[in-house]
Amino acid sequence: MNIRLILTLSVTILATANCDVYEQEEYEEQYVVESYLIAGEPLPQVRITTTSPFDQEYLPVEVSVSDANVTITLQDEDETPQDIYEYSETRPGIYEMPQNNTLVTDQRTYKLKITFPDSDHIITSKTTVPEIFETLSQDSDSVVYQSDVQLQASFSKSFYPNRQSYYIFATQALEPDNYETTPFWKMADSETSSLTVINSGIINEENYTVDGDKLTLRYPWLGFAYFGPNKITTYAIDDNVYDFYRSQSVQLGGSTLSPGEIPNIIYNMDGAIGIFGSMSGASIQIFIKEPLDL
């Protein structure tokens, strides 16, 4: 799963990093960190940049941060370090595990720590990875767009400690060059012809049909930007992704609060803004047929 493509949270981070998200009298440069752990996949890259003033174009290469010391630590239940993974800079501002064959373990806690050789500044964050879950069934491999038969799929539950589970699903058009845009997105904006991924809002278990340990979800038609083959990935998200996603939706217009009442984005990170989050995912594929009367 390509998490940068599916969630595209990095775009939001870069946009909001230029805004006055803190109560500052004048612009103050901040570190921006981005990394997502996916259960069952190799340890992810870590991107480190800085913010730029609102009136300047944000160019990640120009604000990339080099020579940082980056580690991700797998912790025991009592937060004692079990395994420490040291990262190396592979491109400006991009840090990766050399010979990366270490897979992220679900239901475990990972801690990110970043230090710098020329300062005592420290960046830290931690995440607990949601339980791996799986697709149990889907009612069809193909469906006619806006027909009476709406696509449904069932999943096993993903456990998360001390709260109900929250999900985000993303639909990716697999062959956008070979199929037409669906009517909703064609009318919404002429620029959506290049939109190949549609993300949902946060979905809690109240939005599913629950039968024991099985969750069944109906996918809305506006979640499909293109006819043809589509891939739907459902993600169970950790607290950091949940807090960031819900608070940034308020910043970007998802609230009726007046500007003076809009709260800051929740980063769950010390020493920087951005996100160190985790999730687990399960995918299905579906072919969306074009109705004959379109």
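Before reading further, recall that the structure is shown in the block above.
Residues numbered from 1 in each chain as written. Predicted model: local features only at pLDDT ≥ 70, side-chain atom pairs only at ≥ 80, totals over all residues. Heavy atoms only, no water.

Caption draft 1: View of the overall build of the protein. Scanning the protein from terminus to terminus reveals 4 helices and 18 strands. Among the 294 residues that make up the protein, the fraction classed as buried is 46%. Nonlocal contacts in the protein, meaning residues at least 24 apart in sequence, comprise 73% of its contacts between residues at least 6 apart. (Helix = DSSP H or I, 4+ residues; strand = E, 2+ residues; numbered from the N terminus. Buried < 20%, exposed > 50% of the residue type's maximum accessible area, 1.4 Å probe, protein only. Contact = heavy atoms within 4.5 Å.)

Caption draft 2: Highlighting the sheet that holds strand β11 (residues 152–156). Reading across from one edge, β9-β11-β16-β15 is the order of the 4 strands in this open sheet, with antiparallel pairing throughout. Bordering the open sheet on either side are β9 (135–138) and β15 (209–211), each of which pairs with just one other strand. The sheet shows a mean angle of 20° between the axes of neighbouring strands, taken without regard to direction. Of the strand pairs in this sheet, β11 and strand β16 (residues 214–218) are connected by 5 bridges, and their pairing is antiparallel. By the bridge assignment, Gln152 is partnered in β16 with Arg218. (Pairing = 2+ DSSP bridges. Axes fitted to C-alpha atoms, helices over the stretch in contact; angles between N-to-C directions.)

Caption draft 3: Quick peek at the sheet that holds strand β8 (residues 119–128). Taken in spatial order, the 4 strands line up as β4-β3-β7-β8 in an open sheet, and their pairing is antiparallel. At either margin of the open sheet sits one strand with a lone partner, and together these are β4 (81–86) and β8. Geometrically, the sheet is characterised by an average inter-axis angle of 20° between neighbouring strands, direction not taken into account. For strand β7 (residues 109–116) and β8, the ladder comprises 8 bridges, and the chain directions are antiparallel. Looking across to β8, one finds that Tyr110 is bridged to Thr127.

Caption draft 4: Layout of the pattern of salt bridges. On inspection of all chains with the given rule, the structure shows 5 salt bridges. A salt bridge links Lys186 to Glu180, with the shortest nitrogen-to-oxygen separation between them at 3.7 Å. (Salt bridge = Lys/Arg side-chain N within 4 Å of Asp/Glu carboxyl O.)

Caption draft 5: A look at the pairing of β4. As defined by bridge partners, strand β3 (residues 69–75) adjoins β4 across 5 bridges and the pair is classed as antiparallel. Paired with Thr71 across the two strands is Glu86, which belongs to β4. Hairpin connection of β3 to β4: 5 residues between the antiparallel strands, including Glu79 at a positive phi of 70°.

Caption draft 6: Structural context of unusual backbone geometry. The residue Asp67 is not glycine, and still its phi comes out positive at about 65°. Tracing the backbone shows Asp67 in the loop between β2 (46–50) and β3. Backbone geometry at Gln146 places phi at a positive 60°, although glycine is not the residue there. Along the chain, Gln146 falls in the loop between β10 (142–144) and β11. Residue Gln146 is classed as exposed on the basis of its relative accessible area, which comes to 54%.

Coordinates in, geometry out; function isn't part of it.
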